[in-house]
Structures are given as C-alpha cells and as structure tokens.
Amino acid sequence: MKVSVIIPIYNAENYLEKSLNNYLQQTYKDIEFILVDDGSTDGSLGICEKVEKEYSNVVVVKKENGGVSSARNMGLTVSNGTYVGFFDADDYVDRSMIETLITLAEKNNLDIVGCGIAMELEDEEGNIVRQSEIKYDNHTVILPDREKIKDCMLSLWEKSVPYNIVNKLYRKQLLTFNSIEFPALNMGEDLHFNMQAMLKCESMGIVPDCFYHYIRNRSGAATNKYVENWFSIRKEENGRIKDFFIELFNQTTLPLEIEEYVSRRFVNRAIGCLENEYRNKTSNHRKNVAIKDIVENSELQKAIKSGKKYSLKIKLILIPIRLKSVFLTTIMAYLMNQVRDKFPRFFEYMKYRR
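Residues numbered from 1 in each chain as written. Predicted model: local features only at pLDDT ≥ 70, side-chain atom pairs only at ≥ 80, totals over all residues. Heavy atoms only, no water.

Considerations on the environment of Ala-89
Here's step 1: Relative to the elements of secondary structure, Ala-89 occurs in the loop between strand E4 (83-86) and strand E5 (92-93).
Here's step 2: Residue Ala-89 is classed as buried on the basis of its relative accessible area, which comes to 9%.
Here's step 3: Taking the C-alpha atoms as reference points, Ala-89 and Tyr-15, 74 residues apart in sequence, are found 7.3 Å from one another.
Here's step 4: Aside from chain neighbours lying at most four places away, what touches Ala-89 is Ile-7, Pro-8, Ile-9, Ala-12, Tyr-15, Leu-16 and Ser-19. (Helix = DSSP H or I, 4+ residues; strand = E, 2+ residues; numbered from the N terminus. Buried < 20%, exposed > 50% of the residue type's maximum accessible area, 1.4 Å probe, protein only. Contact = heavy atoms within 4.5 Å.)

Remarks on unusual backbone geometry
Here's step 1: Backbone geometry at Asn-109 places phi at a positive 55 degrees, although glycine is not the residue there.
Here's step 2: Among the structural elements, Asn-109 can be located in the loop between helix H4 (97-108) and strand E6 (112-114).

Some words on the sheet that holds strand E2 (residues 31-38)
Here's step 1: Pairing in this open sheet of 8 strands is mixed, and the strands run E3-E2-E1-E4-E10-E6-E11-E9 from one edge to the other. For this open sheet the edge positions go to strand E3 (58-63) and strand E9 (141-143), each flanked by a neighbour on one side alone. Pairwise comparison of adjacent strand axes, ignoring direction, gives a mean angle of 20 degrees for this sheet.
Here's step 2: Sheet topology places E9 next to strand E11 (residues 204-206); 3 bridges connect them, and they run antiparallel. Looking at the pairing, Leu-143 lines up with Met-204 of E11.
Here's step 3: Each of strand E1 (3-9), E2, E3 and E4 is contacted by helix H3 (residues 68-78), which is oriented at about 140 degrees to E2, the strand it contacts most. (Pairing = 2+ DSSP bridges. Axes fitted to C-alpha atoms, helices over the stretch in contact; angles between N-to-C directions.)

Some words on the sheet that holds strand E8 (residues 128-134)
Here's step 1: Read across the open sheet, the 4 strands follow the order E5-E12-E7-E8; overall the sheet is mixed. Two strands in the sheet have a free side with no partner beyond their single neighbour: E5 and E8.
Here's step 2: Pairing geometry for E5 and strand E12 (residues 212-215), over 2 bridges, is antiparallel. Of the residues in E12, the one forming a bridge with Tyr-92 is His-213.

Focus: a nonpolar patch on the surface
Here's step 1: On the surface, Leu-312, Leu-316, Ile-319, Leu-323, Phe-327, Leu-328, Ile-331, Tyr-334 and Leu-335 cluster together into a nonpolar patch covering about 930 Å² of accessible area.
Here's step 2: Mapped onto the nonpolar patch, the elements with two or more residues apiece are helix H12 (312-322) and helix H13 (326-342).
Here's step 3: With respect to the helices, strands and loops of the structure, Ile-319 is situated in helix H12.
Here's step 4: Relative accessible area serves as the criterion here: at 44%, Ile-319 is assigned to the partly exposed category. (Patch = residues over 30% accessible without salt bridge, like charges linked within 9 Å, V, L, I, M, F, W, Y side chains within 5 Å. Areas by Shrake-Rupley, 256 points an atom, 1.4 Å probe, with all protein chains shown as cover. Salt bridge = Lys/Arg side-chain N within 4 Å of Asp/Glu carboxyl O.)

Quick word on the nonpolar core
Here's step 1: Ile-7, Trp-157, Met-204 and Phe-245 are the most contacted members of the largest nonpolar core, which totals 82 residues.
Here's step 2: Counting 25 residues, the second-largest nonpolar core is a separate cluster that includes Ile-304, Tyr-310, Ile-321 and Met-332. (Core = buried A, V, L, I, M, F, W, Y, C linked by side-chain atoms within 4.5 Å.)

So, the packing of aromatic side chains
Here's step 1: Under the defined criterion, the tally for this structure stands at 14 aromatic pairs.
Here's step 2: Between Tyr-170 and Phe-193 the ring centres are 5.2 Å apart and the planes differ by 90 degrees, which places this aromatic pair in the edge-to-face class. Of this pair, Tyr-170 sits in strand E10 (residues 168-171) while Phe-193 sits in helix H7 (residues 189-200), placing them 23 residues apart in sequence. Like Tyr-170, the residue Phe-193 is buried in the burial classification.
Here's step 3: When the centroid spacing of 5.1 Å and the interplanar angle of 80 degrees are considered together, the rings of Phe-244 and Phe-245 count as edge-to-face. (Phe/Tyr/Trp six-rings, centres within 6.5 Å; stacked < 30°, edge-to-face > 60°.)

A short note on the packing of helix H9 (residues 256-277) against helix H11 (residues 298-306)
To characterise two packed helices, one gives the angle between the axes of the helices and the distance between these axes.
Here's step 1: Packing of H9 against H11 leaves a shortest axis separation of 8 Å and a crossing angle of 125 degrees. Taken as axis vectors, H9 and H11 run oblique relative to one another. For H9 against H11, the interelement crossing comes out left-handed. Mapping the contact onto sequence places Glu-259, Glu-260, Ser-263, Phe-266, Val-267 and Ala-270 in H9 and Glu-299, Leu-300, Ala-303, Ile-304 and Ser-306 in H11.
Here's step 2: Across the contact of H9 with H11, the residue classes tally to 6 nonpolar, 2 polar and 3 charged. (Parallel < 35°, antiparallel > 145°, perpendicular 65-115°, else oblique. Left-handed = near helix turned anticlockwise from the far one by under 90°. Nonpolar A, V, L, I, M, F, W, Y, C, P; charged D, E, K, R; others polar.)

Some points on the pairing of E2
Here's step 1: The buried count for E2 comes to 8 of 8 residues, which makes it a mostly enclosed element.
Here's step 2: In E2, alternate side chains face the same way, and those of Ile-31, Phe-33, Leu-35 and Asp-37 on one face and Glu-32, Ile-34, Val-36 and Asp-38 on the other are all buried.
Here's step 3: Two elements, E2 and E3, share 6 bridges in a ladder whose sense is parallel. If you follow Asp-38 over to E3, its bridge partner there is Lys-63.
Here's step 4: Between the parallel pair E2 and E3, the chain is carried across by helix H2 (residues 44-54), and the sense of this crossover is right-handed. (Right-handed = clockwise from strand over helix to strand, strands pointing away.)

Keep in mind these values describe shape, not function.
This is the structure we're talking about:
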C-alpha cells in the first residue's frame, strides 16, 4: 500500500457522502481510505459503513468523541501506506491529486509533497464559488535537502505552506520515527503538526496545481463561530512559532527578517481576534473588555512596531490600535464583522490579500 488517506469525521452527514464519492474517484488506485468516526451522533457512521461495504480499499474506524487531532492520530496508528495524507469530510479534490503527488515524491525521494489549495465559498443556493488560491509558486519546486529547506523557509511561511495538511502527503516513516502526531489543541493543530514535520524532513516538493478544494463557510464550520480566548490562543501559538525558528536556525534570537515576519503575522492574527470578539453575543461589556485587553497588550504593541511590510489596508486598520483607542478599535471590529456577515465573498477576498 503506497498511500493512506485519513479522514476524520464528526457529524458530517450533510456533505459526507458527496465528499467520499469524490475522494474515491482518484486516478491513482493504490490507496486505502481510513474513515475515522469520532463519535458522531448523526448519520455519519452509517454512511461510512455503507461506503466500506462498497469499496474494498475503505476502512472504517470507530472511536469515542475526542476531537479532530485524536481522530487523525488514531488513523495514523492503523494506516499501512508508505505515505499518508489527510482529507476533511466536507471538501473535494481533483481526480489526479494523489497520482501527481506520489509520482513527484517517488521520483525525487521526498519526505513531504504538497499542492495548492482552492479556497471556495458556498453561496445560499449551494453553488461553490472559487474565492482565492493558495500556492507556493507557478511551477513545481523541489527542495532536495535541509539547507535548501532552511533557505526557503521564510518564503514557505509567507506563502502559507505550513498552515494546511489537507494538500500534502507525508512519508509515514518521517512521522513515526520522529513521534510526530497531532496535538490536543483547540486551534492550530495543523500548523503545529507541520512545524514538527518541517523541522525533521530532509526534502520537500510542491506543485502549483490547486488540487484540493477547501469549502470555508458552510454552516457549523469552525471559521464561522465565536472562539473564546482566541487572543490567548494566538499568543501561545506565536510563542511556538518563535521556538520553531529558533530551533530551525539553532540561534538564541530570531534573525531580523524572521522577527519582522513573525511580528507581522502576529499582528494580522490579532486583528482577526478583534473581529472574532464582535461575534461574541453574550455581553457588550465583556466584548469591550476583551477588545481593550487586546489593544493594550504590550506584546501586540511591540509586534506592531517590529512589523514593517504591512499592506495599506492593514496600516489603516492599525491606526486605532496604535493609538490604543478602545472606542475606535471597537467601531473598526464592528465594521469588519458587518462586512464578513453581509459580504462574505468580499471579506474572504480581502482576508487573503492582507
């Protein structure tokens, strides 16, 4: 078995059958699909068992609910592939995705291979509309050794390569030998997994094709919900990213260009936290207190000064935050939330051009 595709599933019956039917049409045939039902309470498990009876390369694993990380980790323990990948239960892919990636991996003996992602939205009629594309380059890129990976690491981050797992295949031996698995985090488990894998991998390859189609705004999606303590989560994540670069370059402090990027990234995520607070429907006072804590945070204010390469849009958004004006920042967060709710396609377009 060359490739294992692990799909964590929790209450996904509205989209699951359509997604599985799509995934099973890959042109590459030496694949096992491991469907990990994470204690679903709807009809998801029944759909999985039906598909398992129809396809000999489908394996259903049942477990008590423990979250997406535990489901993926269980899938890893039972997988038999030389390479493993991870799909979500409500997306779709191009038929040639696995064949293209595994061919590139085997030809160049690569530890990690990836492709671009088409970020898409579902409108009120259920039509899928492509909003943006995330790709590393317009041609296939091979990073054949550790030094080349280190040389390109900043550009990999700038082009969002570490953020997603669904568009990649990983050599299973890389994961098992280095005890790499998904952490028990409320958010950012994909990024953490990729950071550990990229610290240990000896080679990478990336094709420009957007084979994976990620549907962002479906009902119930995590990206649509208020996230409690999101700013604290982002601060912890920022610390792990700093540790990643310090370990990668074996230095006690960050190189200046890396420090600028990490600071700018943290600022962008903090802006998202402000917009998130306006999705908190419980109390205006609680909302304002949370926004005040973000605006006056010394780590954020320091990062704003350290970041340099801000777009004009971000520079404008940062004006009330630099001034530490809770009132103006609250208005700005309200406006961002209104744009998100009333013009989601435009919001997503602007978000990926920040």
